[in-house]
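# Structure at a glance
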Amino acid sequence: MTKTELQMATMLEFAGKHILIIIENLPAPFDRRVWQEATTLAKHGAKVSIICPKMKGYDKSFEVIEDIEIYRHSLKEGKGALGYLIEYSQAIFWEFILSWKIFFKKRFDVIHGCNPPDLIFFIALFFKPFGVKYVFDHHDINPELYISKFNKKGFFYQLMLLFEKLTFKTANFSIATNESYKKIAIERGGITKDRVQVVRSGPKLDRLKLLPPNKALKKGRLFLVGYVGVIGEQEGLDLLLESIKTIVSLRQDVQFGIVGGGTSLNDIQTMCKSMGLSDYVDFYGRVDDNTMLEVLNTADVCVNPDRPTTMNDLSTMNKIMEYMALKKPIVQYTLKEGKFSAKRASLYAKNTDPKDFALKIIELLDNPVLRQEMGEFGYQRVVNKLSWKFESKKLVNFYKKILNK
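Presented here is a report on the structure given in the accompanying data block. (Residues numbered from 1 in each chain as written. Predicted model: local features only at pLDDT ≥ 70, side-chain atom pairs only at ≥ 80, totals over all residues. Heavy atoms only, no water.)

### Focus: the environment of Thr39
Which entries qualify depends on this criterion: Where helices and strands are cited, they refer to DSSP runs of H or I of at least four residues and of E of at least two residues respectively, numbered from the N terminus. Here a residue-residue contact requires only that any non-hydrogen atoms of the pair lie within 4.5 Å.
Along the polypeptide, Thr39 turns up in helix 2 (residues 32-43). Sequence separation between Thr39 and Asp67 is 28 residues, and the spatial gap between their C-alpha atoms is 8.9 Å. Setting aside residues no more than four positions away along its own chain, Thr39 makes contact with Glu66, Ile68 and Lys204.

### Observations concerning the sheet that holds strand 11 (residues 281-285)
Put simply, the test is: Strands are labelled as partners when DSSP assigns at least two bridges between them. Helix axes are fitted to C-alpha atoms over the stretch in contact, other axes to C-alpha atoms as well, and angles between N-to-C directions run from 0 to 180 degrees.
Spatially, 6 strands are ordered 11-10-9-12-13-14 in an open sheet, and the strand pairing comes out parallel. Lying at the two open borders of the sheet, with one neighbouring strand each, are strand 11 and strand 14 (346-349). Taken pair by pair, the neighbouring strands of this sheet meet at an average axis angle of 25 degrees, ignoring direction. The sheet contact formed by strand 13 (residues 330-333) and strand 14 spans 4 bridges and is parallel.

### Quick word on the pairing of strand 11
The test is simple: Crossover handedness is defined here as right-handed if the route from the first strand over the helix to the second strand goes clockwise, with the strands pointing away from the viewer.
As paired elements, strand 10 (residues 254-259) and strand 11 share 4 bridges and run parallel to each other. When the sheet's bridge partners are listed, Phe256 is paired in strand 11 with Val281. A crossover connection joins strand 10 to the parallel strand 11 through helix 9 (residues 265-274); in handedness this β-α-β unit is right-handed.

### Notes on the pattern of salt bridges
Here is the rule: Here, a salt bridge means any Lys or Arg side-chain nitrogen found within 4 Å of an Asp or Glu carboxyl oxygen. Each residue's exposure class comes from its accessible area (1.4 Å probe, protein chains only) as a fraction of the maximum for that residue type: buried when under 20%, exposed when over 50%, partly exposed otherwise.
Scanning the entire structure with this criterion turns up 21 salt bridges. Its salt-bridge partner being Glu69, residue Lys47 comes within 3.3 Å of it at the nearest N-O pair. With a gap of 22 residues between them, Lys47 in strand 2 (residues 47-53) and Glu69 in strand 4 (residues 68-73) connect regions that are remote in the sequence. According to the relative accessible area criterion, Lys47 is partly exposed, its value standing at 25%. The class of Glu69 is buried, set by a relative accessible area of 12%. The residue Arg207 makes a salt bridge to Glu322 at a minimum N-O spacing of 3.7 Å. Highlighted residues: Arg207 in the loop between strand 8 (196-198) and strand 9 (223-228) and Glu322 in helix 12 (residues 318-325), separated in sequence by 115 residues. The buried category is assigned to Arg207, whose relative accessible area is 17%. Overall, the relative accessible area of 4% leaves Glu322 in the buried class. The structure contains a network of salt bridges with shared partners spanning Arg32, Arg207, Asp289 and Glu322.

### Digging into helix 8 (residues 237-250)
What counts here: Any helix carries an expected span of 1.5 Å times its number of residues minus one.
A rise of 1.5 Å per residue sets the reference length of helix 8, with its 14 residues, at 20 Å; its end C-alpha atoms lie 20 Å apart and thus fit the reference within 8%. Among the residues of helix 8, those classed as buried are Leu237, Leu239, Leu240, Leu241, Ser243, Ile244, Thr246, Ile247 and Val248.

Dropping the structure here:
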């Protein structure tokens, strides 16, 4: 076999295999981690289908992108216990219907379920008798997420623990986003070490391109501070507004760009207006990659105001990796996995102290040399260790085990 033939055989090692990926909370290809996983598996020969919800900009019921079939269903985002019950019930119903539709069209070998919530195992149970394996892609630790949202335990917290336990019991294999999640999978989920693999959400550098800044986004001010991510209860956007208020009280040369959507977006916009900050803050909502890259490439500093909850402390945030890939210095609160990802690419404010957070931002704005050094450190860390180039190899090798290749 020639070198070229060997390379082709390697690239098509999953040929004849069909993998169904189910996402509950975000559409594809908007969910960047899942899309990277899907395209990597397809690149290695697997047929990949995805079930996911419709959202603004992703409203086609069926679409084929890069040879990946995407089946989307309607979903009303919930808020509060009743809202989440309706959301999850609706999602499970459509996941069940579409799974059978796909299975009858072409039998799949694996269901790759991406939480939240920890309910996709219900779908997997119907297909396991047909020899279908269930791979649990552990994105969020839902019991801790529940505490972050509602600040209490009780019946629903115990229910989250039960669903998590049943998910791991159903799973043949599990993918963890970091070592903290792997530890939970083993110790709380009861899954054996050989059946769980860490695959971090490393950014793809061909997607996160370094571009010239668009000075118009600064609205005539000297600096831009950028944020990208979900806007929910635990993301700390209210704390960020408190930090912005402190900065504006000291200087008026900083504009803020917030990219992302979520259940708390309207509340945060209302809060921003009531605090008299509207002239200093632009809300872009959920946008395409080009707009997101334009904002982040223009930003002088990027922020992660995630609240220091157990959930956020143990979770790896995509936004941190993306900031680093674009050479941006970061300010965030002192969180375990956030510190592991960024190291010297970030300054770390005292937890839940928006004034200290603001002062850390000002420290960077007033020190261009430090900004450049931190940005370069983060970029090199991504390029040499944390990018998808490295993480994708872990995914492929793990799937060889899953598919007995």
